[in-house]
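Listed below, chain by chain, are the residues.
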Amino acid sequence: MAKIILVTTGLRGILHASFEMAQRLIKDGHHVILSSPRDRKEMVENEGFDFYELPFISRQYAPDLPLAIGQKNRFSRIVYRWKNRKRRRFTALKKAVPKEFIAFVKTEHPDLLIIDVELHEYIFAAYNQKIPFILLSQWYSLWDRPGLPYLLHDTIPGRGFWGSSFGIKVSWQLVKCRRWLIFNRQAILSFQADTRSILLALSNEYNFP
């Protein structure tokens, strides 16, 4: 029998799917604990499972601007971020460290973690702690695969230019370019205190490839 901790965001879709997974694992003789950074204790325990609530994850790691600065013009806000960039980035990175999750898994000593693919901080920490883990996702593929259009487009493979093999490749490159521009704009304007920059810094700190 293995002790398995199944961690989801706590959003209802993935949470209900995790109930079925947990039930099957328990039926196979494993001890399963469900966990999430949302208060789902009553819902989970009503289904007959053990539950551990983790602190809510805020995707805004950088400290808020002081009220007086926030009311000034955009240039003044950028100047403030630049002058305080090191302190803001240090504070944001410290906030991103999932301390309670780390303490939780150290206490429970699970044989396996099943972690929602969107919980990046927990994934990095599990890797750093050398705890076996697999990723859980209820999404269709969001990754570039041969012949597979980007999920949020209405392209039908085999129809028209965008549905051709070449058109799909071009479409993916356009998506990647747009996302690259968005991510880099956020990083530049925040002086690398934006969420993505902090997650990249956290992954480096935990030696996550």
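About the thresholds
Residues numbered from 1 in each chain as written. Predicted model: local features only at pLDDT ≥ 70, side-chain atom pairs only at ≥ 80, totals over all residues. Heavy atoms only, no water. Core = buried A, V, L, I, M, F, W, Y, C linked by side-chain atoms within 4.5 Å. Buried < 20%, exposed > 50% of the residue type's maximum accessible area, 1.4 Å probe, protein only. Helix = DSSP H or I, 4+ residues; strand = E, 2+ residues; numbered from the N terminus. Contact = heavy atoms within 4.5 Å. Salt bridge = Lys/Arg side-chain N within 4 Å of Asp/Glu carboxyl O. Pairing = 2+ DSSP bridges. Axes fitted to C-alpha atoms, helices over the stretch in contact; angles between N-to-C directions. Parallel < 35°, antiparallel > 145°, perpendicular 65-115°, else oblique. Nonpolar A, V, L, I, M, F, W, Y, C, P; charged D, E, K, R; others polar. Phe/Tyr/Trp six-rings, centres within 6.5 Å; stacked < 30°, edge-to-face > 60°.

(A) Examining the nonpolar core more closely. In terms of nonpolar packing, the biggest core is built from 29 residues, with Phe 101, Leu 113, Ile 115 and Tyr 122 touching the most fellow members. Where this core is concerned, the elements lending two or more residues are β1 (3–7), α5 (85–96), α6 (99–108), β4 (112–116), α7 (120–128) and α9 (195–205). Those residues in contact with Phe 101 that lie beyond four places of it in its chain are Val 7, Leu 54, Leu 113, Ile 115, Tyr 122, Ala 125 and Ala 126. Ile 14, Phe 19, Ala 22 and Leu 34 belong to the second largest nonpolar core, which has 15 residues in total.

(B) Geometry of the pattern of salt bridges. Per the counting criterion, the structure on display carries five salt bridges. When the shortest N-O distance is used, the salt bridge between Lys 41 and Glu 45 registers 2.7 Å. In this pair, Lys 41 and Glu 45 are both assigned in helix α2 (residues 41–46), four residues apart and thus about one turn of the helix distant. Its relative accessible area of 41% is what places Lys 41 among the partly exposed residues.

(C) Looking closely at the sheet that holds β4. The parallel open sheet is built from five strands, whose spatial order is β3-β2-β1-β4-β5. Looking along the sheet, the strands with just one partner apiece sit at the ends: β3 (50–53) and β5 (133–136). Within the sheet, the average angular offset between the axes of one strand and its neighbour, ignoring direction, is 20°. Judged from the four bridges that link them, strand β2 (residues 31–36) and β3 form a sheet pairing that is parallel.

(D) Structural view of the packing of helix α4 (residues 74–83) against helix α8 (residues 165–190). Contact geometry of α4 with α8 gives a least axis separation of 8 Å together with a crossing angle of 75°. When the interaxial angle is binned, α4 and α8 end up roughly perpendicular. Between α4 and α8, the contacting residues are Arg 74, Ile 78 and Arg 81 on the first element and Arg 185, Leu 189 and Ser 190 on the second. Looking at the contact of α4 with α8 residue by residue, the class counts come to two nonpolar, one polar and three charged.

(E) Just the packing of aromatic side chains, in detail. For the structure shown, the criterion picks out eight aromatic pairs. Residues Phe 124 and Phe 208 carry aromatic rings whose centres are separated by 4.9 Å and whose planes lie at 50° to one another, so their mutual orientation is tilted. Note that Phe 124 is positioned in helix α7 and Phe 208 in the segment after α9, a separation of 84 residues in sequence. For Phe 124, a relative accessible area of 8% gives the class buried. The rings of Phe 124, Tyr 127 and Phe 208 are connected pair by pair, giving a single aromatic cluster.

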